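What the coordinates show
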Amino acid sequence: MNIKNNDFQFAVIGNPVKHSLSPLLHNHCFEENHLKYKFSSILIEDISKLKETILSHNLLGVNITHPFKEVAFEACDKVSKDCTDIGAVNTIIVRNDKLFGYNTDGDGFLNSIRDFNEPHSVLIIGAGGASKAISHALDKANFNVDILNRSKEKLEYFTDKGLECFGPNDFLCKEYDLVINATSAGFEDNELPAPKSVLRKLLKHARYAVDIIYNKKTPFLKLCDEYDIVSKDGKDMLIEQAVLAHLLFIDYSRSESEIRNSMKDALDWFLAFFNIFKPGFMAF
Ligand code: NDP
């Protein structure tokens, strides 16, 4: 592969990748900032060629999406402490043919709940990549985080970090300020992330709930509507992780709030005019 003459300098890499909203968000920011950069998407079949692909396209920066965040971690020459703690990379900056990995998912989530009034105790349902990034950021910010997952196999990472973890049969249904659905239940199906009776008990005591799936009223969010709590989908997280990635792309040459506003405009416009799209967009 020797592709040095493509007309884009940034890209999102994944499989599938065609529904990704990253090009929309980042290109809008580049345009508004009068930067002559273009952001595209690259579908990779053979992930062992990640570094080769990035270098052969002469890219300056990359977003990594499902299912390659863990492999990207291995492919980087250097990674941030957050990446080491999470074991995954979602943003890469290229410097002198070396890949520098970052992860903006966790801090992006944290920024997305700034409008919540200090929830202290949090239950994250799910134990996949998104849950790792979110729990890491919340734990770092001194939230009290517990994890519930339908299977016990993936809980080791979280117990090793000192978090209280539950499988389906040993869940002590405590009271939590914030309940997060970080599973893919409800993404392509109409599943709840946990039994309805358990969710009802949780939501009765919660003040806030987030489903990180976005642009879809999931069964979890519908259930939240039956309770007097503030709930939101994953759109704010999508924007916030992209804002942090964009700051890395442009080396902090523009303010965070300007980028956020640009991206919100682009996404609102897109969702308003293209609402015919159904859930299935990628996180990036
Ligand atoms: P993973 O595949 O890494 O993990 C999926 C998790 O969901 C696992 O814990 C799995 O449990 C659980 N799960 C799947 N189906 C069900 C079900 N029917 N009932 C209960 N639990 C279930 O995915 P990610 O962590 O990468 O992503 C999770 C979701 O978050 C996706 O829908 C993704 O689109 C969304 N996301 C949104 C972002 C945003 O910016 N808004 C960013 C990143 C992700 P088990 O271990 O038992 O298999």
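Provided above is the structure to which this section pertains.
Thresholds, definitions, all that
- Residue numbers here run from 1 along each chain, matching the order of that chain's written sequence.
- Per-residue local features are limited, in this predicted model, to residues with pLDDT of at least 70; the limit for side-chain atom pairs, both in listing and counting, is 80 or more; totals at the level of whole chains, interfaces and linings are taken over all residues.
- As a convention, hydrogens and water are excluded, and side-chain values are obtained from all of the structure's heavy atoms.
- Here a residue counts as near a molecule or strand whenever at least one of its heavy atoms sits within 4 Å of it.
- By the criterion applied in these results, polar contacts are pairs of N or O atoms within 3.5 Å in which, for protein atoms, one can donate a hydrogen and the other can accept it, and in which residues neighboring in sequence qualify only through two side-chain atoms.
- Where helices and strands are cited, they refer to DSSP runs of H or I of at least four residues and of E of at least two residues respectively, numbered from the N terminus.
- Think of it in three bands: with a 1.4 Å probe and only protein chains considered, a residue is buried below 20% of the maximum accessible area for its type, exposed above 50%, and partly exposed in between.
- For two strands to pair, DSSP has to find at least two bridges joining them.
- By convention a crossover is right-handed if, when the strands point away from the viewer, the path from the first strand over the helix to the second runs clockwise.
- Axis geometry follows a simple rule: fit a line to the C-alpha atoms, using only the stretch in contact for helices, then measure angles between N-to-C directions, giving values from 0 to 180 degrees.
- Just to be clear on terms, a salt bridge is a Lys or Arg side-chain nitrogen sitting within 4 Å of an Asp or Glu carboxyl oxygen.
- Pairs were defined over the aromatic rings of Phe, Tyr and Trp, the Trp ring being its six-membered one, requiring ring centres within 6.5 Å. Orientation was assigned from the angle between planes: stacked under 30 degrees, edge-to-face over 60, tilted for the rest.
- Whether a charge sits over a ring depends on NZ of Lys or CZ of Arg being within 6 Å of the ring centre and within 35 degrees of the ring normal.

Re the site of the ligand
Of all residues adjacent to the ligand, which total 25 residues, the nearest are Ala130, Asn149, Arg150, Ser151 and Ile212. One of the side-chain N or O atoms of arginine 150 is found 2.8 Å from an oxygen atom in the ligand. Here lysine 154 contributes a side-chain N or O atom positioned 3.1 Å from an oxygen atom of the ligand. Counting only elements with at least two residues in the shell around the ligand, the list comes to α6 (129–140) and α10 (235–249).

A closer look at the pairing of strand β7 (residues 121–125)
Taken across its 5 residues, β7 has 5 buried, putting it largely inside the fold. Burial along β7 is two-sided: the residues Ser121, Leu123 and Ile125 and Val122 and Ile124 are all buried. The pairing of β7 with strand β8 (residues 144–148) spans 5 bridges and is parallel. Looking across to β8, one finds that leucine 123 is bridged to aspartate 146. A crossover connection joins β7 to the parallel β8 through α6; in handedness this β-α-β unit is right-handed.

With respect to the sheet that holds strand β12 (residues 230–232)
Taken in spatial order, the 6 strands of this open sheet run β9-β8-β7-β10-β11-β12, and their pairing is parallel. The open sheet is flanked by β9 (164–166) and β12, the only strands paired with a single partner. The mean inter-strand angle of the sheet, taken between neighbouring strand axes irrespective of direction, is 15 degrees.

Overview of unusual backbone geometry
Residue proline 16 is reached from asparagine 15 by a cis peptide bond, and omega for that bond is 5 degrees. Its place among the elements puts proline 16 in the loop between β1 (10–14) and α1 (22–32). That bond from histidine 66 to proline 67 is cis: its omega, 5 degrees, falls within 30 degrees of zero. Structurally, the position occupied by proline 67 is in the loop between β3 (61–64) and α3 (69–75). Phi is positive for asparagine 58, which is not a glycine, with a value near 60 degrees.

Concerning the pattern of salt bridges
Tallied over the full model, the rule gives 18 salt bridges. In this structure, the salt-bridge partner of aspartate 115 is lysine 232, at a minimum N-O distance of 3.1 Å. On the criterion of sequence distance, the pair formed by aspartate 115 in the loop between α5 (105–112) and β7 and lysine 232 in strand β12 is long-range, its members being 117 residues apart. Taking the relative accessible area as the measure of exposure, aspartate 115 reaches 54% and is therefore exposed. Judged by relative accessible area, lysine 232 falls into the buried class, the value being 12%. Here glutamate 164 ties to lysine 174 by a salt bridge, and the two come within 3.2 Å at their closest N and O atoms. Separated by 10 residues along the polypeptide, glutamate 164 in strand β9 and lysine 174 in the loop between β9 and β10 (178–181) bring together distant segments of the chain.

What about the packing of aromatic side chains?
Counted under the stated rule, the structure contains 8 aromatic pairs. For the ring pair phenylalanine 39 and phenylalanine 249, a centre distance of 6.1 Å and an interplane angle of 50 degrees mean the geometry is tilted. On the criterion of sequence distance, the pair formed by phenylalanine 39 in strand β2 (residues 39–43) and phenylalanine 249 in helix α10 is long-range, its members being 210 residues apart. Each member of the pair, phenylalanine 39 as well as phenylalanine 249, carries the same accessibility label: buried. It is arginine 95 that lies over the ring of phenylalanine 100; its NZ or CZ is 4.6 Å from the centre. Positioned above the aromatic ring of tyrosine 157, the side-chain terminus of lysine 132 is 5.0 Å from the ring centre.

Everything listed here is a matter of coordinates, which is why it stays silent on function.
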